[in-house]
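Fold and geometry: a report
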Amino acid sequence: MKILVTGGLGFIGSHTVVELQDKGFEVVVIDDCSNSSEKVLEGITSITGKMPLFEKIDLKEKSKVEAFFKKYQDIEGVIHFAASKAVGESVEKPLLYYENNIGTLVYLLKELSKKNTSNFIFSSSCTVYGQADKMPISETAPVKPAESPYGNTKQIGEEIIRDTCAVTQGLNAIALRYFNPMGAHPSGHIGELPIGVPQNLVPFITQTGVGLREQLSVFGDDYPTEDGTCIRDYIYVVDLAKAHVQALQRLLEGKNEENYEVFNLGTGKGSSVLEVIHSFERVSGKKLNYKIVDRRPGDVVSAYADTKKANEVLGWKAEYTLDEAMKSAWDWEQKIRG
Ligand SMILES: NC(=O)c1ccc[n+]([C@@H]2O[C@H](COP(=O)([O-])OP(=O)(O)OC[C@H]3O[C@@H](n4cnc5c(N)ncnc54)[C@H](O)[C@@H]3O)[C@@H](O)[C@H]2O)c1
């Protein structure tokens, strides 16, 4: 069965390609390498023994998207990771984000709508909940006004899929709202490769640990949490990748209850920034150079997932602990800098 993975050379996409190949799917990757490299194909092949098909296409080019679906008429499912994801950059360049995250989604859905049946998985984010009123956050929590154009693209993206599913027979879709993905494949062949200064806490920690960054800034220690730092739900990327395969199989086997469904993907456990730092210190045996600075505008205090729906309906559960995921991230950082 042939599955298209857009953004399949990126962080979460590459791990998902591995899990799909592992389950016997034939994978076609589309990536324009704007935030990744063709070398990732080698990493994937080292793990699975099979090179996925690869089409270097910029999904913003509508005619190329059309040509792709003419060439590959036997695509049975699409997992759509390709997007721009830097929150700060999205504030400075909103149109770039709306074009890359919304335009490409529309082109893909247009092509899928031409088919009799199609299955679509969308990378969404817990950012749609903003500062939720209740913890843990369940899928029924209200979507709050977006804090950034990036966050808005995830909200609008979900709405576009929902509206399209409502009028397109044969189109089945699942939006997966990720909490905070982290870590690297245990083989050490693929992992997160942030270009420039990392936007996420874990790669910033490991880069500081390895000496690439001088110091980690912890934004605020006066939040109403136990140790005063913000709380997030860190989910191991391999667990996350497996959830995509599970979601795809749900659609392929026609087990979905509605033709548009939403699931949270997290561990259900919140960890504070200081707890994450301590996890790094435990697994690396190193002291991390960090300092507490002022709060950062836009940061929510706490966000962790209610995983009941993913556990019971999707049949998926995160298995790895924070320390295990942190160890994989640290091993990966040392490998790529070594
Ligand atoms: N990493 C996170 O913390 C996180 C959290 C929530 C949601 N998400 C979402 O998950 C998805 C994957 O995230 P990631 O962390 O793997 O990001 P990533 O940047 O590592 O991967 C995205 C991939 O898409 C490719 N791409 C971007 N625009 C493209 C285009 N126009 N045409 C073809 N390829 C294009 C990039 O080159 C990259 O390889 C994104 O949609 C992101 O918004 C990520």
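The rules behind the values
Residues numbered from 1 in each chain as written. Predicted model: local features only at pLDDT ≥ 70, side-chain atom pairs only at ≥ 80, totals over all residues. Heavy atoms only, no water. Helix = DSSP H or I, 4+ residues; strand = E, 2+ residues; numbered from the N terminus. Buried < 20%, exposed > 50% of the residue type's maximum accessible area, 1.4 Å probe, protein only. Contact = heavy atoms within 4.5 Å. Polar contact = N/O pair within 3.5 Å; in protein donor to acceptor, adjacent residues only side chain to side chain. Pairing = 2+ DSSP bridges. Right-handed = clockwise from strand over helix to strand, strands pointing away. Salt bridge = Lys/Arg side-chain N within 4 Å of Asp/Glu carboxyl O.

Looking at the environment of Ile-231
Note that Ile-231 resides in strand 9 (residues 231-232). Exposure remark for Ile-231: the relative accessible area of 17% places this residue in the buried category. In this structure, the C-alpha to C-alpha distance between Ile-231 and Val-301, residues 70 residues apart in sequence, is 6.3 Å.

So, the side chain of Thr-6
Examined against the element boundaries, Thr-6 turns out to sit in strand 1 (residues 2-6). By relative accessible area, which is 0% here, Thr-6 ends up buried. Sequence-distant contacts of Thr-6, that is, excluding residues within four places in its chain, are made with Ile-30, Leu-59, Val-78, Ile-79, His-80, Phe-81, Ala-82 and Leu-108.

Section: the environment of Asp-227
Structurally, the position occupied by Asp-227 is in the loop between strand 8 (216-219) and strand 9. Residue classification places Asp-227 among the partly exposed residues on the basis of a relative accessible area of 29%. Those residues within four positions of Asp-227 in sequence are excluded, and the remaining contacts are Asp-221, Ser-272, Leu-274 and Glu-275. Polar side-chain contacts of Asp-227 include one of 2.7 Å to the side chain of Thr-229. One polar contact links Asp-227 to Ser-272, side chain to side chain, over a distance of 2.5 Å.

Structural notes on the pairing of strand 8
With burial as the criterion, only one face of strand 8 is covered, namely that bearing Leu-216 and Val-218; the residues Ser-217 and Phe-219 on the opposite face remain uncovered. Sheet topology places strand 8 next to strand 13 (residues 290-293); 4 bridges connect them, and they run parallel. Bridge pairing links Leu-216 to Tyr-290 in strand 13.

Digging into the pairing of strand 3 (residues 53-56)
Where strand 2 (residues 26-31) lies against strand 3, 4 bridges are found, and the strand directions are parallel. In the sheet register, Ile-30 faces strand 3, and the bridge partner there is Glu-55. Crossover handedness for the path strand 2 to helix 2 (residues 39-48) to strand 3: right-handed.

Some words on the pattern of salt bridges
Summed over the entire model, instances satisfying the criterion amount to 20 salt bridges. Measuring nitrogen to oxygen at the nearest pair gives 3.7 Å for the salt bridge that ties Lys-56 to Glu-38. Taken together, the residues span a long stretch of sequence, with Lys-56 in strand 3 and Glu-38 in the loop between strand 2 and helix 2 at a distance of 18 residues. Judged by its relative accessible area of 41%, Glu-38 falls in the partly exposed class. Here Glu-61 makes a salt bridge to Lys-64, at a shortest N to O gap of 3.0 Å.

Here we look at unusual backbone geometry
Excluding glycine, a negative phi dihedral is what most residues carry, and trans is how most peptide bonds are arranged. The omega torsion across Met-135 and Pro-136 is -15 degrees, close enough to zero to call that bond cis. Relative to the helices and strands, Pro-136 is located in the loop between strand 5 (118-125) and helix 6 (149-167). Unlike most non-glycine residues, Cys-33 shows phi in positive territory, near 60 degrees. By secondary structure assignment, the location of Cys-33 is in the loop between strand 2 and helix 2.

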